[in-house]
Amino acid sequence: MLLAGEGVARQPEAGMGWVRAAAAQGFPSALHTMGMACQMGDTEGGLEGAAEWFAQAADAGVAASQYELGLALFNGDGVINKSTQILIYVYIYSHKSIYIYIYIYIYL
């Protein structure tokens, strides 16, 4: 209500304070709202923070957070996408053993 100004004067700072308090207690909708707020730049954290909040909400079963986290993973928004992770591993392990490099190249 405070965030949107529904029935009361709009008070975004106070509203986010209540959302943060609910998220700290693990309330799934609040976890998702924190992710959205980070994603939109309405609170600190940026895309990295959004991905962390979405992951917590997704683990709690919030379908919208599962979707948002999936997009973040796919696009690499605030997280390292799988292709980038693979390149990092290939780089690290190729310097340790050519056999590991070949295995990653063939099987991944």
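Above this text is the structure in question.
Notes on the structure in this doc start here. These figures come from a predicted structure and were not determined experimentally.

A short note on the overall build of the protein
Of the regular secondary structure elements, the protein holds 6 helices and 0 strands. Helices and strands in the protein line up, N terminus first, as α-α-α-α-α-α. Within the span of the protein, comprising 108 residues, buried residues form 25% of the whole. Expressed as a percentage of contacts within the protein between residues at least 6 apart in sequence, the contacts between residues at least 24 apart total 24%. In the form shown here, the protein has an accessible surface area of approximately 7,400 Å², with 60% of it arising from carbon and sulfur atoms.

What about the nonpolar core?
Of all hydrophobic cores here, the largest spans 9 residues; its members are Met16, Val19, Ala23, Ala30, Leu31, Met34, Ala37, Ala57 and Val62. At the level of secondary structure, the elements contributing two or more residues to this core comprise α1 (12–24) and α2 (28–40). The leading source of residues in this core is α2, at 4 residues. Excluding residues within four positions of it along the chain, Val62 makes contact with Pro28, His32 and Ala57.

Focus on the packing of helix α3 (residues 46–59) against helix α4 (residues 63–75)
Following both chains from N to C, one finds α3 and α4 inclined at 135 degrees, their axes separated by 8 Å at the closest point. Taken together, the axes of α3 and α4 lie oblique to each other. As α3 packs across α4, the resulting crossing turns out to be left-handed. Packed against α3, whose contacting residues are Ala51, Phe54, Ala55, Ala57 and Ala58, the element α4 presents Ser65, Gln66, Glu68 and Leu69 at the interface. Here the residues of the contact of α3 with α4 are counted per class, giving 6 nonpolar, 2 polar and 1 charged.

Description of the side chain of Thr43
You can see Thr43 is positioned in the loop between α2 and α3. Among the polar contacts listed, one links the side chain of Thr43 to the side chain of Glu44, at a separation of 3.2 Å. With sequence-adjacent residues up to four places away left out, Thr43 is seen in contact with Met16, Arg20, Met34, Ala37 and Cys38.

Quick notes on the packing of α1 against α2
For the pair α1 and α2, interaxial distance at closest approach is 8 Å and the crossing angle is 130 degrees. Comparing the axis directions of α1 and α2 gives the class oblique. Where α1 crosses over α2, the handedness of that crossing is left-handed. In contact with Met16, Val19, Arg20, Ala22 and Ala23 of α1, α2 contributes Ala30, Leu31, Thr33, Met34 and Ala37. Across the contact of α1 with α2, the residue classes tally to 8 nonpolar, 1 polar and 1 charged.

What counts as what
- Starting from 1, residues in each chain are numbered consecutively following that chain's sequence as written.
- With pLDDT at 70 or above as the cut-off, local features in this predicted model cover only qualifying residues; side-chain atom pairs require 80 or more to be listed or tallied, and sums for whole chains, interfaces and linings still use all residues.
- Water and hydrogen atoms were dropped before computing side-chain values, which therefore reflect all heavy atoms in the structure.
- Runs of H or I in DSSP of at least four residues are treated as helices and runs of E of at least two as strands, each being numbered from the N terminus.
- The buried label goes to any residue with under 20% of its type's maximum accessible area, the exposed label to any with over 50%, and the partly exposed label to all in between, with areas taken from a 1.4 Å probe on protein chains only.
- Throughout, a residue-residue contact means that at least one pair of heavy atoms, one from each residue, lies within 4.5 Å.
- Areas reported as accessible are Shrake-Rupley estimates using a 1.4 Å probe. Residue values count occlusion only from the protein chains shown.
- We define the nonpolar core as a collection of buried residues of types Ala, Val, Leu, Ile, Met, Phe, Trp, Tyr and Cys that are connected through side-chain atoms lying within 4.5 Å of one another.
- Orientation is described by lines fitted to C-alpha atoms, with helices fitted over the stretch in contact, and by angles between N-to-C directions that extend from 0 to 180 degrees.
- In this scheme, roughly parallel covers angles under 35 degrees and roughly antiparallel covers those over 145, while 65 to 115 is roughly perpendicular and the rest are oblique.
- The crossing is said to be left-handed when, going from far helix to near helix, the turn is anticlockwise and less than a right angle, and right-handed when the turn is clockwise.
- Gly falls in the polar group here, along with every residue not listed as nonpolar (Ala, Val, Leu, Ile, Met, Phe, Trp, Tyr, Cys, Pro) or charged (Asp, Glu, Lys, Arg).
- Each polar contact in these results corresponds to two N or O atoms within 3.5 Å; when the atoms are within protein, one needs to be able to donate a hydrogen and the other to accept it, and residues that are neighboring in sequence are counted only if both atoms are side-chain atoms.

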